[in-house]
Amino acid sequence: MVELDICDETHTGRIVLRPNYSWTWRYNLYLLYTLTAVSAAVGIGFLLAGAWIILPFSVVELSALAVCMFYCTKQCNRQEVITVTEHSVKIEQGIKRAETAEVYQRNWAKYLVTPATHPWGGARVAIRSHNHESELGGFLNHDDKQVLIQALKRVTPE
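Residues numbered from 1 in each chain as written. Predicted model: local features only at pLDDT ≥ 70, side-chain atom pairs only at ≥ 80, totals over all residues. Heavy atoms only, no water.

(A) Representation of the sheet that holds strand β6 (residues 110-114) in the model. The strand order across the open sheet formed by three strands is β6-β7-β8, and the pairing between neighbours is antiparallel. Strands with a single pairing partner mark the edges of an open sheet, and in this sheet they are β6 and β8 (132-136). Adjacent strand axes in the sheet meet at a mean angle of 30° when their direction is disregarded. Bridge count for β6 against strand β7 (residues 124-129) is five bridges, and the pairing is antiparallel. Of the residues in β7, the one forming a bridge with V113 is V125. Lying over the sheet, helix α3 (residues 142-155) contacts β6, β7 and β8, oriented at roughly 30° with respect to β7. (Pairing = 2+ DSSP bridges. Helix = DSSP H or I, 4+ residues; strand = E, 2+ residues; numbered from the N terminus. Axes fitted to C-alpha atoms, helices over the stretch in contact; angles between N-to-C directions. Contact = heavy atoms within 4.5 Å.)

Take a look at the structure:
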C-alpha cells in the first residue's frame, strides 16, 4: 500500500509504504480461537476414546500456528516513510515506529529501478548516493511498486 502526500510544484513530499494485509491481529485471534475450539473438541473426543496422544500434539500444532500468525502479523506492520525535502531524502524504516533512518543529500541521490529477474517478481527500487544503496519497498507487490516508481518520478526535479 502506498500513501502519497506530494507537492508537484516543489517536488517535495512524503511517501508511506506498507505491505498489504487482509486481517488485523484481532481477526487472526478470532481464527485462532475457532481453530482451538475445534481442535480441543476433536482432541477431547479422541481422549475419551482412549487415544490420549492426540491432545498434546494438537496443543503443539496450535502453538506453532499462533507463533506463525504473530510473526506474519508483525511483519505486516512494517512500514517505510520516504520524506523528500528541498535538500534531503530521509528514509525511515521499522515496525510501528522508525527503527532505522537514513538521510541522503537530494542533489547526489539517484533512484534506481532494476527490472524483475523472475516473472512473478517485481522490479527492484533503490536509492543510491556515494556508494551507499538502500532498497525501497521490498515488500510491495508489482502494482504498488509501479505506484512507487511514479511517485518517485514526481519528486525528482527535471
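(B) How the structure looks around the packing of aromatic side chains. Summed over the entire model, instances satisfying the criterion amount to three aromatic pairs. Here the aromatic rings of W23 and Y27 are separated by 6.2 Å at their centres, their planes lie at 50°, and the arrangement is tilted. Residue classification places Y27 among the partly exposed residues on the basis of a relative accessible area of 43%. Pairing W25 with F70 gives two aromatic rings, centres 5.8 Å apart and planes at 80°, and the pair type is edge-to-face. Placement of the pair is W25 in helix α1 (residues 25-49) and F70 in helix α2 (residues 54-76), with a sequence separation of 45 residues. The class of W25 is partly exposed, set by a relative accessible area of 34%. (Phe/Tyr/Trp six-rings, centres within 6.5 Å; stacked < 30°, edge-to-face > 60°. Buried < 20%, exposed > 50% of the residue type's maximum accessible area, 1.4 Å probe, protein only.)

(C) Highlighting unusual backbone geometry. Positive phi values are uncommon outside glycine, yet H130 reaches one of about 50°. Tracing the chain through its elements places H130 in the loop between β7 and β8.

(D) Representation of the sheet that holds strand β1 (residues 2-7) within the structure. The strand order β1-β2-β3-β4-β5 describes an open sheet built from five strands, whose pairing is antiparallel. Of all the strands in the sheet, the pair left with one neighbour each is β1 and β5 (100-105). Here the average twist between neighbouring strands, direction ignored, is 10°. Strand direction decides the pairing type here: strand β3 (residues 78-84) and strand β4 (residues 88-95), joined by seven bridges, are antiparallel. Residue pairing for β4: V81 is matched across the bridge by E92. Packing against the sheet, α3 makes contact with β1, β2 (12-17) and β3, and its axis sits at approximately 10° to β1.

(E) Here's a closer look at the pattern of salt bridges. By the definition in use, this model includes five salt bridges. Between R18 and E3 there is a salt bridge, with the nearest N and O atoms lying 2.5 Å from each other. Of this pair, R18 sits in the loop between β2 and α1 while E3 sits in strand β1, and the two are 15 residues apart along the sequence. By relative accessible area, which is 26% here, R18 ends up partly exposed. In this structure, R124 and E133 form a salt bridge, with 2.7 Å as the shortest nitrogen-oxygen distance. Sharing partners across several salt bridges, the network here consists of R124, R128 and E133. (Salt bridge = Lys/Arg side-chain N within 4 Å of Asp/Glu carboxyl O.)

(F) Local environment of α3. With 14 residues, α3 extends 20 Å between its outermost C-alpha atoms, agreeing within 8% with the 20 Å of an ideal straight helix rising 1.5 Å per residue. Turning to α3, its buried residues are D144, K145, L148, I149, A151, L152 and V155. The arc enclosing the buried residues of α3, seen along the axis, measures out at 165°, which places them on a common side. Of the exposed residues in α3, the ones pointing more than 90 degrees away from its buried face are D143 and K153. Residues of α3 that are buried in the fold lie against β1, β2, β3, β6, β7 and β8. At the N-terminal boundary of α3, the capping side chain belongs to N141, with an oxygen 3.4 Å from the backbone nitrogen of D143. (Expected span 1.5 Å × (residues − 1). Arc of directions from axis to C-beta. Polar contact = N/O pair within 3.5 Å; in protein donor to acceptor, adjacent residues only side chain to side chain.)

By themselves, these are just geometric observations and shouldn't be taken as functional.
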